[in-house]
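Coordinates in review
These are the residues of each chain, in order.
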Amino acid sequence: MNLKVKHKGTYQLVAIYNGKEVGRLKYVYPGDPSGKRNIGIDWIEVNEEYRRKGVGTMLLKAFIEEMQKKGVLWISFWTGKDLEEVGGYSFYEKMGFKKVYIQEDYFNKDVPTRLFVMRLR
């Protein structure tokens, strides 16, 4: 699969296949005093017909490489109900993220939420 990854807007990467957006990764710099050395992933989504074909992996790898070049030290994200229900967090573990915390979700009391982090340097 010949995918291209490019920026769309300020804080979003998109995967493009044959001129069509097939995946997206949205990120945000937290409002902390780190001087943009920490960054959070809001979400990654891949169009259903392109799942399990490497699109998410390519998006995340491109994102990690870009953040390394920018001098980011930590990447983090919290899981939500959707990711917890399908066990999708194993994808992030395979990519090198470490689970550092589990807590009750504020909105879904029967579903935990997990904090994952990756140190880039």
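Refer to the structure printed above.
First things first, this report covers the structure right here in the doc. (Residues numbered from 1 in each chain as written. Predicted model: local features only at pLDDT ≥ 70, side-chain atom pairs only at ≥ 80, totals over all residues. Heavy atoms only, no water.)

Before going further, it helps to examine helix α1 (residues 55-69). Between its terminal C-alpha atoms α1 stretches 21 Å, which fits the 21 Å expected from 15 residues at 1.5 Å a residue. Taken together, the buried positions of α1 are occupied by Val-55, Gly-56, Leu-59, Leu-60, Phe-63, Ile-64, Glu-66 and Met-67. The buried residues of α1 occupy one face: seen down the axis, they fall within an arc of 165°. Just downstream of α1, Gly-71 is the residue with a positive phi angle, here 85°. (Helix = DSSP H or I, 4+ residues; strand = E, 2+ residues; numbered from the N terminus. Expected span 1.5 Å × (residues − 1). Buried < 20%, exposed > 50% of the residue type's maximum accessible area, 1.4 Å probe, protein only. Arc of directions from axis to C-beta.)

Turning our attention to unusual backbone geometry. With the exception of glycine, most residues fall at negative phi, and the peptide bonds are largely trans. Of note in the backbone geometry, Asn-18 takes a positive phi value of approximately 50° without being a glycine. Examined against the element boundaries, Asn-18 turns out to sit in the loop between β2 (12-17) and β3 (20-28). Of note in this structure, Arg-52 is not a glycine but carries a positive phi near 65°. Following the sequence through the fold, Arg-52 ends up in the loop between β4 (38-46) and α1. Of the residues examined, Arg-52 reaches a relative accessible area of 86% and is grouped as exposed.

Counted according to the given criterion, the structure contains six salt bridges. For Glu-21, the salt bridge goes to Lys-8, with nearest N and O atoms at 3.1 Å. With a gap of 13 residues between them, Glu-21 in strand β3 and Lys-8 in the loop between β1 (4-7) and β2 connect regions that are remote in the sequence. On the accessibility criterion, Glu-21 (27% relative accessible area) is partly exposed. A salt bridge links Asp-42 to Lys-26; the shortest N-O distance between them is 3.1 Å. Note that Asp-42 is positioned in strand β4 and Lys-26 in strand β3, a separation of 16 residues in sequence. Lys-26 sits in the partly exposed class, given a relative accessible area of 26%. By sharing partners, the salt bridges in this structure join Lys-8, Glu-21, Arg-24 and Glu-45 into a single network. (Salt bridge = Lys/Arg side-chain N within 4 Å of Asp/Glu carboxyl O.)

Looking now at the environment of Glu-85. Position of Glu-85 among the secondary structure elements: in helix α2 (residues 81-86). Separated by 56 residues in sequence, Glu-85 and Tyr-29 have C-alpha atoms that sit 27 Å apart.

The next thing to look at is the pairing of β4. Sheet topology places β3 next to β4; six bridges connect them, and they run antiparallel. Each residue of the ladder has a partner; that of Tyr-27, found in β4, is Ile-41. Bridge count for β4 against strand β5 (residues 74-78) is three bridges, and the pairing is parallel. By the bridge assignment, Asn-38 is partnered in β5 with Trp-74. Following the chain from β4 across α1 to the adjacent parallel β5, one finds a crossover that is right-handed. (Pairing = 2+ DSSP bridges. Right-handed = clockwise from strand over helix to strand, strands pointing away.)

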